[in-house]
Structures are given as C-alpha cells and as structure tokens.
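# Fold and geometry: a report
Each chain, written out:
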Amino acid sequence: MLTFISTIFAICMAVFVLFIRMKAQKKPATVKKIILPPIFMSTGALMFIHPMFRVSAAEFFEALIVGMIFSIFLIKTSNFEIRENDIYLKRSKAFAFILIGLLVIRIVMKLYLSTSIDIGELSGMFWILAFGMIVPWRVAMYFTFKKVKNQLDSSPNIPTV
C-alpha cells in the first residue's frame, strides 16, 4: 500500500515539475531560479534522522550513481537562449518525454525493489536518486546560464530570437 501511495505521489510530482518547467520557459531565467530547487530539496535529507530511512553505503552509492546517470538526459535537454536581451530556458519537446521516461523507469524499479528492500530504505534510496539527479542537472544549468550571460554581457548586438 505504501509503495502504491508513493508511486502516486511521484506521478503527481512529475506532473508538477512539467507544469513548472513549461511555465518557467515564459519568464527569463535567473541564477536564483536555477540554484534554489536543490537547496529546497536538500531539506528532505532530514528524513535520514529517522532510522527507518537510513540506507547502507552500497545502497547510497547505487542510488547516487543512478541519479547522476539520469541527470545526463536532463542536462542534454536544458539549454538557454537569448530573447529580447534576456536569457530564457529553451523549449524542449524531448524534456517531457525524458521526464516521463525517467518516471516510468523509477516506478518499475520501485515496484521491483519493494519486494526485497524495506519501504523506508527504498524511500531513502529514491530521495538520494532524485537528489543525485537534480544537483548535477542544476550545476550544469548554472554553468550554461553563466556562459550565455557572459555572451550577453560582452556582446551588445546579439541577435534575438
């Protein structure tokens, strides 16, 4: 039952992320908008205070590595463009499909692993996976944003899209 509830929650979160991402493309990007989501998400690490959510070192590194591999797909679909002397996140049709694909993979993994790993540990592992995915993605976005910002600042006659 807990696996089912957490799966529904994951689906709702994915829909929320898609909605936020589509909305964000209509407003200029800022460093704050790039950096704050992982900082806010980091508060979830407080779950590990409770023994139910603690994972072994092997589980930690497995989840972290899978998250970092997943982040590659998000990094590849997150680019910026200059419009009207502002920097915007480029619309990517592939992003929605990749996010949904990653969600499906996570759900299948969760359903498979829930038969052999306690739900608390599994929750901890999937939080680590998500954090291991969002941090590299946002760090890459930050550096890409800075590169585009330097381009914008150093060249006053950049053609706008």
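These lines cover the structure that appears in this document, whether it is placed above or below.

The subject of this paragraph is empty space enclosed by the protein. Tallied over the full model, the rule gives 1 cavity of 30 Å³ or more. Space inside the largest cavity adds up to approximately 50 Å³. Around the largest cavity, the lining residues are Ser-6, Thr-7, Ala-10, Leu-103, Arg-106, Ile-107, Lys-110 and Phe-126. Listed by contribution, the elements that provide at least two residues to the lining of the largest cavity are α1 (2–24) and α4 (93–113). Per element, the largest residue contribution to the lining of the largest cavity is 4 residues, and it comes from α4. Counted by class, the lining of the largest cavity contains 4 nonpolar, 2 polar and 2 charged residues.

Reported here for the largest pocket is a volume of approximately 1500 Å³. Surrounding the largest pocket, 45 residues form its lining, Met-13, Phe-16, Val-17, Met-41 and Ile-134 being those nearest its centre. Elements supplying a minimum of two residues to the lining of the largest pocket: α1, α2 (31–42), α4 and α5 (119–154).

So, on to α1. Taking 1.5 Å per residue as the helical rise, α1 with its 23 residues ought to reach 33 Å, and the 32 Å between its terminal C-alpha atoms agrees with that figure. Where α1 is concerned, the buried positions are Thr-3, Ser-6, Thr-7, Ala-10, Ala-14, Leu-18 and Arg-21. Considering only its buried residues, α1 is in contact with β2 (86–89), α4 and α5.

With that settled, consider the side chain of Ser-78. Relative to the elements of secondary structure, Ser-78 occurs in the loop between α3 (57–76) and β1 (80–83). Ignoring any residue separated from it by four or fewer positions in sequence, one finds Ser-78 in contact with Arg-21, Trp-137 and Met-141.

Strand direction decides the pairing type here: β1 and β2, joined by 4 bridges, are antiparallel. From the neighbouring strand, Glu-81 faces β2, where its bridge partner is Tyr-88. Remark: 2 residues form the turn of the hairpin made by β1 and β2, two consecutive strands paired antiparallel; Glu-84 in that turn has positive phi of roughly 50 degrees.

Together, Met-1, Leu-2, Phe-4, Ile-5, Ile-8, Ile-11 and Val-15 make up an exposed nonpolar region whose accessible area comes to about 730 Å². Examined against the element boundaries, Val-15 turns out to sit in helix α1. Relative accessible area serves as the criterion here: at 53%, Val-15 is assigned to the exposed category.

Time to look at the packing of α2 against α5. Relative orientation of the contacting elements α2 and α5 amounts to 165 degrees, with a least axis distance of 9 Å. Relative to α5, α2 is oriented roughly antiparallel. As for how α2 packs across α5, the hand of that crossing is left-handed. Between α2, through Val-31, Lys-33, Ile-34, Ile-35, Pro-37, Pro-38, Met-41 and Ser-42, and α5, the contact on the second element is made entirely by Trp-127, Ala-130, Phe-131, Ile-134, Val-135, Arg-138, Met-141, Tyr-142, Phe-145 and Lys-146. Grouping the amino acids of the contact of α2 with α5 by side-chain chemistry returns 14 nonpolar, 1 polar and 3 charged.

Rules and cut-offs
Residues numbered from 1 in each chain as written. Predicted model: local features only at pLDDT ≥ 70, side-chain atom pairs only at ≥ 80, totals over all residues. Heavy atoms only, no water. 1 Å grid on protein atoms, 1.4 Å probe; cavity = no way out; pocket = protein on both sides within 12 Å on 5 of 7 lines; lining within 4 Å. Points joined across faces, edges and corners; volume = space filled by probe spheres on them. Helix = DSSP H or I, 4+ residues; strand = E, 2+ residues; numbered from the N terminus. Nonpolar A, V, L, I, M, F, W, Y, C, P; charged D, E, K, R; others polar. Expected span 1.5 Å × (residues − 1). Buried < 20%, exposed > 50% of the residue type's maximum accessible area, 1.4 Å probe, protein only. Contact = heavy atoms within 4.5 Å. Pairing = 2+ DSSP bridges. Patch = residues over 30% accessible without salt bridge, like charges linked within 9 Å, V, L, I, M, F, W, Y side chains within 5 Å. Areas by Shrake-Rupley, 256 points an atom, 1.4 Å probe, with all protein chains shown as cover. Salt bridge = Lys/Arg side-chain N within 4 Å of Asp/Glu carboxyl O. Axes fitted to C-alpha atoms, helices over the stretch in contact; angles between N-to-C directions. Parallel < 35°, antiparallel > 145°, perpendicular 65-115°, else oblique. Left-handed = near helix turned anticlockwise from the far one by under 90°.

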